[in-house]
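Overview (structure and organization)
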Amino acid sequence: MRISLIGYGSMGKMITEKLAASDEGKNHSFFVANRSKEKLQNVPSGVVVCDSNSDCARGADIVFLCVRPVDLKTVLEEIVPVLSDKAFVISLNGSVTFAMLEKCFSGKMAKVIPSVTAEVDRSQTLVTYNCKVEKTDKENLEKLLSVFGNVIELPENEVGMGSELVSCMPGFIASIFDVLCTSAKKHTSIPDAQVVKMVLQTMCATGELMLEKDMSFEDVVTRVATPGGITQEGTKVVYEKFPEAADLLFNKTLEKRKMTAERAQASFGEDA
Ligand SMILES: NC(=O)c1ccc[n+]([C@@H]2O[C@H](COP(=O)([O-])OP(=O)(O)OC[C@H]3O[C@@H](n4cnc5c(N)ncnc54)[C@H](OP(=O)(O)O)[C@@H]3O)[C@@H](O)[C@H]2O)c1
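Residues numbered from 1 in each chain as written. Predicted model: local features only at pLDDT ≥ 70, side-chain atom pairs only at ≥ 80, totals over all residues.

Side note on unusual backbone geometry
Leaving glycine out, the prevailing phi sign among residues is negative, and the prevailing peptide bond configuration is trans. Which entries qualify depends on this criterion: Buried residues are those with 20 or more other C-beta atoms within 10 Å of their own C-beta, exposed residues have 12 or fewer, and partly exposed residues lie in between; C-beta atoms are placed from the backbone.
If you check the backbone angles, aspartate 121 has positive phi at about 60 degrees while not being a glycine. Looking at aspartate 121, the number of C-beta atoms within 10 Å reads 13, which means it is partly exposed.

Laid out in structure tokens, this is it:
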């Protein structure tokens, strides 16, 4: 397949590099374009750098649109005249709806939300399809996305909250454990870097333990926090104090997501 990626920022670069370096990638040819040309100086060998978005999209089987929501409409309008009837267009953005995108392009479309954990081939990549997409299109796309992790299909209306859980979550996890480590460092002379490593290794191992042994959060808490013991003093604080912060976190992010969707809607020329 001819696979084109427009927008060579954080996501476009990561997807291109992952696919181009994979065994699956050997079956395909890759074309990239970006607004500022400097970013395209070090693309992986074999990837073709295009002068324009139209050159990139022309003849493509799959086009990944790796641009921010405000730039989506401009890019789509630019490439639609050169897209074939069979072209499969993939938007990386969860806020711009198929209804908006379909104002510019009436063919096969998907939305794909990868996570930064794709860097270590452990993305939980979300995908949702419009009604034009056929079984073989889904298989082809999911084979590509599997190169850097698992693929989870969701209905379009669940992609927002789904994105919080897999795409934003590395940021939430990192900030929560940053707070924990900052507090822990006040009580120890263990070097800061070692504190972080100890917590990170324990965090990863706890996740693996739960997945491998099919344990729930409650199972782990029960196993470690024996009644009247030291751990229980800590878990009690988490269960008493943290729910308010967690509710606030999702209220804030979902509110921001709604605003982003409204702005995207305005850029597509619709009243919010
Ligand atoms: N970052 C994440 O973790 C993540 C996760 C899931 C989904 N997403 C979604 O993925 C999309 C891209 O995000 P990102 O983090 O990769 O953004 P980014 O780093 O800002 O990259 C966007 C790229 O698009 C290029 N661009 C903008 N307008 C263009 C145009 N008209 N023609 C060609 N290229 C153009 C920009 O070029 P310049 O160099 O000229 O600015 C930039 O390199 C967004 O919709 C985002 O919501 C991101």
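Some points on the domain arrangement of the protein
Using the following cut-off: What counts as a domain boundary in this text is fixed by an automatic or database domain assignment. What counts as a contact here is a pair of residues whose C-beta atoms, placed from the backbone, lie within 7 Å. Basically, the charged four are Asp, Glu, Lys and Arg, the nonpolar ten are Ala, Val, Leu, Ile, Met, Phe, Trp, Tyr, Cys and Pro, and anything else, Gly included, counts as polar.
You can read the domains of the protein as domain 1 (2–153) and domain 2 (162–265). Its C-alpha centre places domain 1 at a distance of 32 Å from the equivalent point of domain 2. The partner domain 2 presents 10 residues to the 11 residues of domain 1 that form the contact. Class assignment of the residues belonging to the side of domain 1 that touches domain 2 gives a composition of six nonpolar, five polar and no charged.

Observations regarding the site of the ligand
So the rule is basically this: By definition, a residue lies near a molecule or strand when the C-beta atom built from its backbone is within 6 Å of it. Each helix is a run of DSSP H or I of at least 4 residues and each strand a run of E of at least 2, with the numbering of both proceeding from the N terminus.
Close contacts around the ligand come from 26 residues, with Gly7, Gly9, Met11, Arg35 and Asn93 the closest. Counting only elements with at least two residues in the shell around the ligand, the list comes to helix H1 (10–21) and helix H3 (69–79). With four residues, H3 is the largest single contributor of residues to the shell around the ligand. Tallied by class, residues from the shell around the ligand come to 12 nonpolar, 10 polar and four charged.

Here we look at the pairing of strand S8 (residues 149–153)
What counts, and what does not: Pairs of strands are assigned from DSSP output, requiring at least two bridges between the strands. Handedness rule for crossovers: strands pointing away from the viewer, path from the first strand over the helix to the second running clockwise, crossover right-handed.
With five bridges joining them, strand S7 (residues 123–129) and S8 adopt parallel strand pairing. Bridge assignment links threonine 125 to a residue of S8, and that residue is valine 151. Where the polypeptide runs from S7 across helix H5 (residues 135–145) and back to S8, its parallel neighbour, the crossover connection is right-handed.

What to know about the environment of lysine 258
Looking at where lysine 258 falls in the secondary structure, it is placed in helix H9 (residues 230–267). Put simply, lysine 258 and isoleucine 62 are 196 residues apart on the chain and 28 Å apart in space, counted from C-alpha to C-alpha.

A closer look at the pairing of S7
The buried fraction of S7 is high, at six of seven residues. Relative to S7, strand S6 (residues 108–113) runs antiparallel, the two sharing four bridges. Following the sheet pairing, alanine 110 is matched in S7 by tyrosine 129.

A few points about helix H6 (residues 159–185)
Definition in use: Helix span is expected to be 1.5 Å times the residue number reduced by one. Fitting axes to the seven residues ending at a residue and to the seven starting there, one defines the bend at that residue as the angle between these axes.
A rise of 1.5 Å per residue sets the reference length of H6, with its 27 residues, at 39 Å; its end C-alpha atoms lie 37 Å apart and thus fit the reference within 8%. The largest bend along H6 reaches roughly 65 degrees and is located at methionine 169, with the proline proline 170 sitting one to four residues downstream. Considered for burial, the residues of H6 that qualify are Val159, Ser163, Val166 and Ser167. Taken together, the buried residues of H6 touch S6 and S7.

Details of H1
The end-to-end C-alpha separation of H1 is 17 Å, in line with the 16 Å expected for 12 residues at 1.5 Å each. All of the buried residues along H1 are Met11, Gly12, Lys13, Ile15, Thr16, Lys18, Leu19 and Ala20. The inward-facing, buried residues of H1 contact strand S1 (2–6), strand S2 (29–33), strand S4 (62–65) and H5.

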